[in-house]
Protein chains: 4
Amino acid sequence: MDGAALEGGVRRSHVMRYRIAFVDCDPAQIVHFSNYFRWFDTSSREFFSACGVPSWRDTERASGIIGTPLVDAQASFRNPATYGEDLEIETWVEQWNTKSFVMRHVARRGETLIAEGRDIRVFAKRDAADPLRIRAVEIPAEYREMCG
Amino acid sequence: MDGAALEGGVRRSHVMRYRIAFVDCDPAQIVHFSNYFRWFDTSSREFFSACGVPSWRDTERASGIIGTPLVDAQASFRNPATYGEDLEIETWVEQWNTKSFVMRHVARRGETLIAEGRDIRVFAKRDAADPLRIRAVEIPAEYREMCG
Amino acid sequence: MDGAALEGGVRRSHVMRYRIAFVDCDPAQIVHFSNYFRWFDTSSREFFSACGVPSWRDTERASGIIGTPLVDAQASFRNPATYGEDLEIETWVEQWNTKSFVMRHVARRGETLIAEGRDIRVFAKRDAADPLRIRAVEIPAEYREMCG
Amino acid sequence: MDGAALEGGVRRSHVMRYRIAFVDCDPAQIVHFSNYFRWFDTSSREFFSACGVPSWRDTERASGIIGTPLVDAQASFRNPATYGEDLEIETWVEQWNTKSFVMRHVARRGETLIAEGRDIRVFAKRDAADPLRIRAVEIPAEYREMCG
């Protein structure tokens, strides 16, 4: 489940496996692109779990952190894929800033590159005055360390 | 449904209205970001319909064109939104190239900017040898003219 | 938005309009059946809003009620539908019991019956000991009256 | 992946494993019920694959069969589940009729029953005159035999 790659140092990454479902595909017979964003997001949460970061339910109780909402998301779609095919989605943190961080995702089917993504995320808490508002907080040192 | 904005000329745009559903929201109580990509895609198809481009079912029968698959998609998420709220999503073509084009999308809730997106798309036909492969074709002059 | 039908008395119903999106359709070119359940659920919330029932965010703050989770759902699929088509989904409460109630949904495209559904739902609060557990409460008389 | 249960004979069943994703959960923090219908449908296709039935792409080319659309679907939701939890979904054919068949699905988290479903499905081909219309055909003896 866990890999580590040397890139001027050691990078922690995680690989999630997913078999594409019929319902993930559209009338063009191929995966609707929006699903890659769903899977990259799921892979992001699997990455955190593999690194030891508790569920957002538990972090909310402990420190008010509700998760890592996205500020920006981008993906490139390299080759079409369809149902019954197996994807491997590799996810890692490319860069840590003070209040934001950059995640990268690569989806492959065997040796074939299917899609690549990059998100900018923040750790967020709810606004005390309005629980539907969220605000970015400094990245907890503890989680940053866990995620390598 | 249709607007036109002067931007060194006349630009054709389309506004789609959508009421956010409970199922669009995640445990953080706000819209899951992947839904903006779904809605931008739907707004893209609504834009084409408003411009007079036939359904992809009809274009496939007439000329083999199965739609406008994405090569790249990007979005920025400016403010959270939640169920019961009404969005207006404005969509237009920002740039036409020979084989690709750039669409822009802006989602607003009243005066509040919620999300902005940009896709790179191609008009595509199926590969004769392998119907799951698709290939970009030159943008049909007719559709380009319709879409302004 | 609101209709009333005589059925040995007056019944309050609500009609939601929805244009089917490309992403709602599967490789068979038609709506994936699971989407009817999503739309029936959205229509259920629209019904409550039309009747004056506050958002579940507000009911949770006021009385702890987090919504009307389903105990059982059933639907029959009468005719296929595809993207670009407009549905009208009519929703009403068929029966009120002490702790549960039955909702009915009918989706039509013009005069054509597309799908029919029936849910059994409860009004629920979170379990104090375990917020992921929920328990049915007696149907609030106030909401029952609002919903006719 | 494959089980067999004695029930006045041998029944072929298939178990699909799925880890619940954040995006599968709604503001009540639990899986939105519509996702069980998605997963049961995916499990249905996995069942067919495990039994040796080709992809619907291949059956469409070979015999015109586009899949097994649903005539009716029903599910009961026994216990809530949330993201990060692992489900096992067991699927089998309960009954074969001439033109329709009944599938059963049971989702469990460890020993806990989460949801149960039952679909009525047909094998379908496209209508020659209108490719968006589909019609039920007699269940191919070959597939029925494969699926036990």
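Structure: above.
Residues numbered from 1 in each chain as written. Chains lettered and ligands numbered in written order. Predicted model: local features only at pLDDT ≥ 70, side-chain atom pairs only at ≥ 80, totals over all residues. Heavy atoms only, no water.

What about the pairing of strand 6 (residues 101-109) of chain A?
Residues and elements named next belong to chain A. Taken together, the eight bridges between strand 5 (residues 86-96) and strand 6 define a ladder with antiparallel strand orientation. Paired with glutamate 90 across the strands is valine 106, a residue of strand 6. Counting the residues in the hairpin turn of strand 5 and strand 6 gives four residues. Where strand 6 and strand 7 (residues 112-121) come together, nine bridges link them in antiparallel fashion. Bridging across to strand 7, arginine 104 finds its partner in arginine 118. (Pairing = 2+ DSSP bridges. Helix = DSSP H or I, 4+ residues; strand = E, 2+ residues; numbered from the N terminus.)

Focus on the relation of the copies chain A and chain B
Relative to chain B, chain A is turned by 180° and slid 0.0 Å along the rotation axis, the superposed coordinates differing by an RMSD of 0.0 Å. Here the copies are linked by what is in effect a two-fold axis. Measuring from the rotation axis to each C-alpha of chain A, the shortest distance belongs to Gln74(A), at 2.1 Å. (Least-squares fit on C-alpha atoms with pLDDT ≥ 70 in both.)

Remarks on the pattern of salt bridges
Evaluated as defined, the whole model comprises 48 salt bridges over all chains. Where Arg104(A) meets Glu94(A), a salt bridge forms, and the shortest distance between an N and an O atom there is 2.7 Å. Linking Arg104(A) in strand 6 with Glu94(A) in strand 5, this pair joins segments that are ten residues apart in sequence. On the basis of relative accessibility, which here comes to 40%, the residue Glu94(A) falls in the partly exposed class. Through salt bridges with shared partners, one network takes in Arg19(A), Asp86(A) and Glu46(D). (Salt bridge = Lys/Arg side-chain N within 4 Å of Asp/Glu carboxyl O. Buried < 20%, exposed > 50% of the residue type's maximum accessible area, 1.4 Å probe, protein only.)

With respect to the packing of aromatic side chains
Summed over all chains, the structure comprises 66 aromatic pairs over all chains. Considering the side-chain rings of Phe37(A) and Phe33(B), the 6.3 Å spacing of their centres and the 90° angle between planes classify their relative orientation as edge-to-face. Of this pair, Phe37(A) sits in helix 1 (residues 34-51) while Phe33(B) sits in the loop between strand 2 (10-19) and helix 1 (34-51), each in a different chain. With 6.3 Å between their ring centres and 75° between their planes, Phe37(C) and Phe77(C) make a pair best called edge-to-face. Here Phe77(C) lies in strand 4 (residues 70-77) and Phe37(C) lies in helix 1 (residues 34-51), a separation of 40 residues in the sequence. Each member of the pair, Phe37(C) together with Phe77(C), is buried. Site record: aromatic cluster; members linked through ring pairs are Tyr18(A), Phe33(A), Tyr36(A), Phe37(A), Trp39(A), Phe77(A), Tyr18(B), Phe33(B), Tyr36(B), Phe37(B), Trp39(B) and Phe77(B). Lying over the aromatic face of Tyr83(D), Arg57(A) brings its terminal NZ or CZ to 4.4 Å of the ring centre. (Phe/Tyr/Trp six-rings, centres within 6.5 Å; stacked < 30°, edge-to-face > 60°. Lys NZ or Arg CZ within 6 Å of the ring centre and 35° of its normal.)

Examining the sheet that holds strand 8 (residues 123-126) of chain C
Residues and elements named next belong to chain C. The strand order across the open sheet built from three strands is 3-8-9, with neighbouring strands paired in antiparallel fashion. Edge positions in the open sheet fall to strand 3 (65-67) and strand 9 (134-137), since each of these has one partner strand only. Within the sheet, the average angular offset between the axes of one strand and its neighbour, ignoring direction, is 50°. For strand 3 and strand 8, the ladder comprises two bridges, and the chain directions are antiparallel. Across the sheet, the residue bridging to isoleucine 65 is lysine 125, located in strand 8. Seen against the sheet, helix 2 (residues 56-63) touches strand 3 and strand 8 and runs at an angle of roughly 160° to strand 3. (Axes fitted to C-alpha atoms, helices over the stretch in contact; angles between N-to-C directions. Contact = heavy atoms within 4.5 Å.)

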